[in-house]
Amino acid sequence: MASRVGAACLAALLLCADHARADVTTFAGRRITAIVFDVDGRIVTESRLTTLVAAHVGDALDMAAVRESLVHLFSLATFEDVQVVADRRGDAVALTFALRSLKPIDQFEFRGGQLDGVNEGRLRRLVIERFGAAPRASRVADMARLVEEDLKQVGFLSASASARVTSSASADHSTVVFELTPGVRARVGTLVLVGEAGVPEPMVWSQLGVAPGRIYEPDMLSRRLERFLEQRRARGFFSARMTITAEPVDQGRAVNLTANAAQGPHVRVAFDGDAIPANRQADLAPVVREGSADQDLLEDSTIRIRDYLRAQGYRDARATFTRTEADAELVVAFHVTRGPQYRISRVDISGNSGLTLAQVQEHLKVRAGQPFSVSAINADLGALEGLYRREGFGAVSVRHDAVLEEPLGDGTQVPVIVRVTIAEQARTLVNTIAIDGTLAVPEATLREGLGLQPGKPYFATQLAIDRDALQVHYANLGYQSATVTTAVTLSRDGLAADIRFNVSEGVRVFVGHVLIVGNTRTSTATIERELQFKTSDPLGLEAISESQRRLASLGLFRRARISELRHGSDAQRDLLVTVEEAPATTVGYGGGVEALQMLSDPNNTGAAANLEFAPRAFFEIGRRNLFGKNRSINLFTRVSLRPQQNSVRNFSEYRVIGTFREPHALGTGAEAYLTGTLQQERRSSFNFSRRAFNAEVARKLTRQVSASGSYQIQRTEVFFNSSVDPSQQLLIDRVFPQVRLSSFSMSGVRDTRNDLADPLTGLFVSANGQIAGRAIGSEVGLVKTFLSAQKFTPIPHSPRIVFASSVRLGMATGLPRQVQATDASGALVSTTGGAPMLVTVRDLPASERFFAGGDTTVRGFALDQLGAANTIAKDGFPIGGGGLMILNAELRIPVTGAFGAVGFVDAGNVFARPSEIDFGKLRSAVGVGLRYKSPIGPIRVDVGFKTRRYDVTPGNRESASSLHISLGQAF
């Protein structure tokens with residue numbers, strides 16, 4: 001690039017038109033009357049180009065300004081060539097910047113005489129993954145090498161490839177043309193196995209996926225070979241080895257393969273001597289997990305065993321190992337000797353005068369009755385020394401002595417008195433703080449950010465933190481070369497410290513020009529909105545890092561990088577923002593089988609839970625960055641085909657959701673969403689079909705807190721199952737089998753979870769309120785509130801074990817409305833005089849009532865099975881209600897690899913009205929579950945057991961348990 005800039009600068013000094021041969025010095029200092037941009041032969045007036053030119057109309061022509069302008073224009077990486085033409089106009093001069101566009105590469109073409117068997121789509125994806133969707137023309141040779149190597153990996157052993165960039169004058173893009181000479185695709189010839197592989201030879205070649213006559217694919221063969229060896233090692237043959245030699249024959253048309261195998265001995269791990277818990281053996285001696293029995297691993301294992309036992313109080317514990325090989329088996333035996341267990345009988349503390357005994361004990365975890373562990377005590381003493389140093393005792397030392405008492409009983413336990421002795425030494429307080437060299441920043445501003453203050457304890461670590469904080473403060477103000485040093489003067493008695501910070505500010509650097517390159521679909525304004533700096537701002541490090549973070553969070557770019565361009569004065573830098581756009585269209589799809597327990601009554605004996613399986617599939621397509629403004633549109637569809645005995649449509653369930661997202665509603669920081677929904681869903685006592693439109697505005701108030709408001713209008717049609725007794729239906733359901741609901745909602749969320757799919761720590765709290773009324777177009781009125789809180793806490797000393805808890809409270813009530821009464825068949829009821837019989841209803845429509853039971857509520861119950869006496873019909877089918885209370889507690893325990901186990905306790909119930917919510921009427925369930933961390937999220941299998949069972953109908957008792965299989969955690 002430097003040579004191109006130099007050539008352009010030389011062109012800038014040449015004279016054109018009628019004075020082409022005039023001396024260059026005749027132009028210096030002349031007034032500039034015009035600046036013109038000629039892009040590919042067209043005169044353009046782009047404001048972006050104008051801002052990049054350091055020379056201005058009315059200024060005297062300065063060659064340094066011309067050179068700076070050339071650097072800016074080349075930095076855009078959108079021009080292949082830049083030249084400057086000067087034309088004298090009387091005593092003045094006009095400048096023309098002649099620019100030739102660099103047409104971006106966005107197409108790939110593969111050519112060759114014989115391309116049978118060449119997967120062009122695979123090659124195209126490979127190039128894009130490695131070099132991006134719009135690679136630089138300078139990388140074409142690397143692209144050709146990549147393509148050539150990939151062809152050889154799929155059997156074209158003599159393949160060659162070259163590449164060139166082509167473009168036409170009319171096109172606004174370039175194409176990389178790959179010229180391929182793949183040659184003949186090699187096939188497998190003879191197969192020879194040398195040595196012992198541990199399985200019959202035909203099985204070896206079958207697992208490696210090769211056979212005479214098949215296409216030879218080195219890459220695939222290598223992956224299958226690695227899998228084969230992993231399987232052998234998983235069976236205990238840790239020394240299993242196999243190498244494959246490929247010999248091309250027949251001018252590369254065939255490849256003879258020779259596999260050299262060595263199985264090695266089978267390895268078995270044994271423990272003798274004192275017992276080690278079975279569930280700890282694999283972690284302490286990970287021979288099987290590591291697939292190795294080498295000397296280093298075995299020695300490390302004995303150290304782990306010894307440390308584990310000593311942490312349990314076995315101070316004299318020892319562990320050794322032996323390796324014995326016989327009959328093609330290697331036995332690795334660990335010999336464990338625990339010795340007596342030492343337990344703390346008393347902890348004595350002395351020497352503390354600067355801190356109270358309570359303060360010291362708070363930082364000592366060792367207590368009477370605990371196993372005596374030197375490492376645990378030393379860790380406590382280190383924490384105690386850290387506390388003292390933070391309090392100003394810089395020379396403190398803390399030590400312990402262990403006094404052994406008489407062994408108890410049979411001598412297997414030995415009491416230990418732990419005596420902690422503290423030598424505090426002098427406590428040093430900060431006397432004065434001075435800051436020298438502050439010219440640009442007020443000293444008072446710098447003092448505010450210091451952790452050390454006069455009268456506070458002096459702490460050397462805090463001094464280093466304060467020094468770094470001052471330096472970062474200056475760097476964020478543009479003083480990138482600022483340095484801060486410290487000097488500390490202690491009084492003779494060590495009780496006072498005078499601190500001096502010496503600041504060398506250096507030159508303050510400002511942002512010159514902001515150059516944005518690489519965006520073809522994304523508007524420059526969208527990128528600029530995320531940048532935390534602009535021209536003439538101080539060049540702060542925090543502004544750059546935050547800008548990069550915000551660009552990455554847009555989700556529009558594969559990569560986003562901000563780099564500095566140095567030129568001219570040290571006090572000014574240009575910033576080059578380079579982005580590589582991600583594909584605008586995303587597609588997702590998947591399928592599987594769903595297992596769910598549903599209530600049904602095939603024999604007219606009352607509702608009973610039955611396990612149902614149903615195929616399920618989804619398809620999703622989205623388009624982001626609409627119109628270059630980071631707007632997006634997304635269509636999600638899902639279908640689940642269920643058994644038809646209670647269904648009312650050709651298929652049981654479906655959902656179609658279309659969403660439009662506007663990231664900056666009306667130019668604010670709020671996000672707006674427009675969502676349309678078509679849905680049909682099956683419940684235990686009814687099915688419903690819904691059409692809805694929702695308009696929502698959401699705003700993040702902080703990183704953890706967000707709020708939103710929305711308006712929704714929906715029409716829901718309810719179809720009660722034939723098993724449900726019509727007399728058990730609420731009047732509002734008979735009057736409004738189809739109901740239009742128009743409502744406004746408000747919600748607030750605080751979320752500190754470390755992971756949305758599978759959190760280990762954090763808190764999630766949400767509150768939602770909804771109101772619907774006839775005045776805004778709703779056929780029924782209601783007020784609804786739903787509160788939720790979830791907390792995730794790692795167990796102390798076992799951070800991978802998580803205690804998760806959840807509380808959910810729902811309250812809803814219908815607004816009174818007069819309707820004409822109907823009987824169980826739906827016929828209108830009149831008074832004795834023939835007038836319509838009007839009644840006032842306050843109930844909620846079925847689609848708006850709360851239900852409980854299922855995999856996300858109380859897991860001992862089937863879907864919607866849970867309810868109080870007045871929210872469950874006499875035949876056992878749920879009616880639903882206006883009050884809901886759900887309590888959950890889980891202990892999530894990792895087991896091995898991607899598998900984990902869960903123990904849980906759930907409680908909850910559904911009540912007819914919020915005023916009837918009663919903790920004493922909650923029903924509970926306990927259970928266990930299995931978790932598998934798959935690439936798409938945790939796969940969950942839970943079995944819940946009711947703690948108390950009731951009769952659904954006389955002689956028809958509730959099931960004892962319920963099985964749930966789902967994706968994602970229960971909460």
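This structure is a prediction, so every number in the text was calculated from the model and none was measured.

On to the overall build of the protein chain, then. Tallying secondary structure elements over the protein chain gives 17 helices and 42 strands in all. In terms of overall dimensions, the protein chain is more spread out than a globule: its C-alpha atoms have a radius of gyration of 38 Å, far above the 30 Å expected for 971 residues. Each of the three principal axes of the protein chain carries a C-alpha extent, and together these read 115 × 100 × 85 Å. Taking all 971 residues of the protein chain together, 40% fall into the buried category.

The next subject is the pairing of strand β39 (residues 937-946). On any regular strand, side chains alternate: one points to one face of the sheet, the next to the other face. Strand direction decides the pairing type here: strand β38 (residues 923-934) and β39, joined by ten bridges, are antiparallel. In the sheet register, A925 faces β39, and the bridge partner there is K946. The hairpin formed by β38 and β39 contains two residues between the paired strands. The pairing of β39 with strand β42 (residues 961-967) spans seven bridges and is classified as antiparallel. Opposite V941, over in β42, you have I965 as the bridge partner.

So, about a negative patch on the surface. On the surface, a cluster of negative charge is made up of D294, D296, E299 and D300. As for its placement among the helices and strands, E299 is situated in helix α10 (residues 295-311). Classification of E299 as partly exposed rests on a relative accessible area of 36%.

Moving on: the nonpolar core. In this structure, L49, L61, F97 and L99 are the most contacted members of the largest nonpolar core, which totals 28 residues. Among the secondary structure elements, those contributing two or more residues to this core are β1 (31-39), α2 (47-52), α3 (63-75), β3 (79-89), β4 (92-101) and β20 (510-517). For this core, the leading source of residues is α3, giving six residues. Not counting residues up to four positions away in its chain, the partners in contact with F97 are I35, V36, F37, D38, V53, S69, L73, Q83 and V84.

Our focus in this paragraph is the sheet that holds strand β11 (residues 266-273). Here three strands make up an open sheet; going across it, the order is β11-β13-β12 and the pairing mixed. Among the strands making up the open sheet, the edge pair consists of β11 and β12 (318-326). Averaged over all pairs of adjacent strands, the angle between their axes in this sheet comes to 20°, without regard to strand direction. Lying on the sheet, α10 is in contact with β11, β12 and β13 (329-337); it crosses β12 at an angle near 145°.

Counted by the stated rule, this structure contains 49 salt bridges. With a closest N to O distance of 2.7 Å, D150 and R122 form a salt bridge. Linking D150 in helix α5 (residues 140-153) with R122 in helix α4 (residues 120-131), this pair joins segments that are 28 residues apart in sequence. Owing to a relative accessible area of 9%, D150 belongs among the buried residues under this scheme. Measuring nitrogen to oxygen at the nearest pair gives 2.8 Å for the salt bridge that ties R573 to E564. Given a relative accessible area of 8%, R573 falls into the buried group.

Moving on, we come to helix α12 (residues 374-390). Along its 17 residues, α12 runs 24 Å from first to last C-alpha, staying within 8% of the 24 Å computed at 1.5 Å per residue. Burial in α12 covers these residues: I377, D380, L381, L384, E385, G386, L387 and Y388. Tucked inside the fold, the buried residues of α12 contact α11 (357-362), β15 (397-404) and β16 (413-423).

One open sheet holds the three strands; their spatial order is β20-β22-β21, and the pairing between them is mixed. The sheet is open, and its two borders are formed by β20 and β21 (557-566), each paired with just one other strand. The sheet shows a mean angle of 20° between the axes of neighbouring strands, direction not considered. In the packing of helix α16 (residues 541-553) onto the sheet, the strands contacted are β21 and β22 (572-581), and the crossing angle to β21 comes to about 155°.

Let us now look at the packing of aromatic side chains. Overall, the coordinates contain 14 aromatic pairs when judged by the stated rule. Centroid distance F618 to F636: 6.1 Å. Interplanar angle 20°. Geometry classified as stacked. Of the two residues, F618 sits in strand β24 (residues 608-626) while F636 sits in strand β25 (residues 631-640), which places them 18 residues apart along the sequence. Given the relative accessible area of 34%, F618 is considered partly exposed. Taking 6.4 Å as the distance between ring centres and 45° as the angle between the ring planes, the aromatic pair formed by F686 and F688 counts as tilted. Accessibility assignment for this pair places F686 and F688 in one class, buried. Three or more aromatic residues joined by ring pairs make a cluster, and in this case those are F686, F688, F720 and F851. Just above the ring of Y342 sits the side chain of R315; from NZ or CZ to the centre is 4.5 Å. Geometry around F861 places K946 over its ring, the cationic atom sitting 4.8 Å from the centre.

What follows concerns a nonpolar patch on the surface. On the surface, V895, F899, L930, Y932, I936, I939, V941, I965 and L967 cluster together to form a nonpolar patch covering roughly 780 Å² of accessible area. Counting only elements with at least two residues in the nonpolar patch, the list comes to β38, β39 and β42. For F899, a relative accessible area of 41% corresponds to the partly exposed category.

A few words now on the confidence of the model for the protein chain. Per-residue pLDDT for the protein chain averages 87, and the proportion of residues at 70 or more is 94%. The least confident element of the protein chain, judged by mean pLDDT, is helix α1 (residues 2-13) at 41; the most confident is strand β31 (residues 762-772) at 96. Within the model, the stretch residues 1-25 combines pLDDT values under 50 with 32 contacts to residues more than four positions away or in other chains. For the stretch residues 646-650, pLDDT sits under 50, and the model shows 16 contacts to residues farther than four places along the chain or on other chains.

Glancing now at the environment of A846. Assignment of secondary structure puts A846 in the loop between β35 (838-841) and β36 (883-896). Along the primary structure A846 and A77 are separated by 769 residues, whereas in three dimensions their C-alpha atoms are 61 Å apart. Those residues in contact with A846, other than ones at most four positions away along the chain, are F686, V718, F720, D733 and F851.

For the rest of this paragraph, the subject is unusual backbone geometry. For Q251, which is not glycine, the phi torsion reads 55° and is therefore positive. By the element assignment, Q251 lies in the loop between β9 (241-249) and β10 (254-262). The phi dihedral of F627 is positive, around 60°, even though this residue is not glycine. Assignment of secondary structure puts F627 in the loop between β24 and β25.

Right, let's talk about the packing of helix α6 (residues 201-208) against helix α7 (residues 218-234) for a bit. Orientation of α6 relative to α7, taken along the N-to-C sense of each, is 125°, at an axis distance of 8 Å. On the basis of their axis angle, the class for α6 and α7 is oblique. Judged by residue contacts, V204, Q207 and L208 of α6 engage L221, R224, L225, F228 and Q231 from α7. Of the residues assigned to the contact of α6 with α7, the class counts are five nonpolar, two polar and one charged.

Here we take up the side chain of D466. Inspection of the secondary structure puts D466 in helix α14 (residues 460-476). Although D466 lies buried, it forms no salt bridge, and the closest oppositely charged side chain, R467, sits 9.8 Å away as judged by the N-O distance. Within the structure, D466 has its side chain in polar contact with the backbone nitrogen of G451 (distance 2.9 Å). If we skip the residues at most four places from it in the chain, D466 touches G449, L450, G451, L452 and F501.

As paired elements, β36 and strand β37 (residues 899-911) share 13 bridges and run antiparallel to each other. Among the inter-strand pairings, T896 is bridged to a residue of β37, identified as F899. Between the antiparallel neighbours β36 and β37 lie two residues, among them G897 with a positive phi of about 55°.

What follows is about the environment of T322. Here T322 is to be found in strand β12. When its relative accessible area of 33% is taken as the criterion, T322 is described as partly exposed. Counting along the chain gives 635 residues from T322 to R957, while the straight-line C-alpha distance between them is 60 Å. For T322, the residues in contact, after removing those within four places along its chain, are V331, V332, A333 and H335.

Cut-off values and rules
Per chain, the residues get numbers from 1 upward, laid out in the order the sequence is written. Residues qualify for local features only when their pLDDT is at least 70, as the model is predicted, and side-chain atom pairs are given and counted only at 80 or more; totals for whole chains, interfaces and linings, by contrast, use all residues. Calculated side-chain values reflect all of the structure's heavy atoms, with hydrogen atoms and water omitted. Helix numbering and strand numbering both begin at the N terminus, where a helix is a DSSP run of H or I of at least 4 residues and a strand a DSSP run of E of at least 2. Radius of gyration here uses only the C-alpha atoms, and the compact-globule reference equals 2.2 Å multiplied by the residue count raised to the power 0.38. Burial classes follow relative accessibility: with a 1.4 Å probe on protein chains only, a residue under 20% of its type's maximum area counts as buried, one over 50% as exposed, and anything between as partly exposed. In this description, strands pair whenever DSSP reports at least two bridges between them. Residues enter patches when their relative accessible area tops 30% and they take part in no salt bridge; the joining distance is 9 Å for like charges and 5 Å for the nonpolar side chains Val, Leu, Ile, Met, Phe, Trp and Tyr. The Shrake-Rupley method, run with a 1.4 Å probe, gives the accessible areas here. Residue values count only the displayed protein chains as cover. When a carboxyl oxygen of Asp or Glu lies within 4 Å of a side-chain nitrogen of Lys or Arg, that pair is called a salt bridge. Neither His nor the chain ends contribute to the count of charged residues, in which Lys and Arg are positive and Asp and Glu negative. Each charge is placed at NZ for Lys, CZ for Arg, CG for Asp and CD for Glu. By nonpolar core we mean a set of buried residues, namely Ala, Val, Leu, Ile, Met, Phe, Trp, Tyr and Cys, connected to one another through side-chain atoms within 4.5 Å. Every residue pair with non-hydrogen atoms within 4.5 Å of one another is taken to be in contact. With axes taken as lines fitted to C-alpha atoms, and helix axes fitted only over the stretch in contact, angles between N-to-C directions fall between 0 and 180 degrees. To estimate how far a helix should reach, multiply one less than its number of residues by 1.5 Å. In this analysis, rings of Phe, Tyr and Trp, with Trp reduced to its six-membered ring, are considered paired at centre separations within 6.5 Å, and the interplanar angle assigns stacked below 30 degrees, edge-to-face beyond 60, and tilted for intermediate values. Throughout this description, the term charge over a ring refers to an Arg CZ or Lys NZ atom that lies within 6 Å of the ring centre and within 35 degrees of the ring normal. The quantity known as pLDDT measures the predictor's confidence residue by residue, on a range of 0 to 100. For classification purposes, an angle smaller than 35 degrees is called roughly parallel, one larger than 145 roughly antiparallel, one from 65 to 115 roughly perpendicular, and anything else oblique. Side-chain classes are defined by residue name, with Ala, Val, Leu, Ile, Met, Phe, Trp, Tyr, Cys and Pro counting as nonpolar, Asp, Glu, Lys and Arg as charged, and the others, Gly among them, as polar. Contacts described as polar in this section are N or O atom pairs within 3.5 Å, which, within protein, must combine one atom able to donate a hydrogen with one able to accept it, while residues neighboring in sequence count only if both atoms come from side chains.

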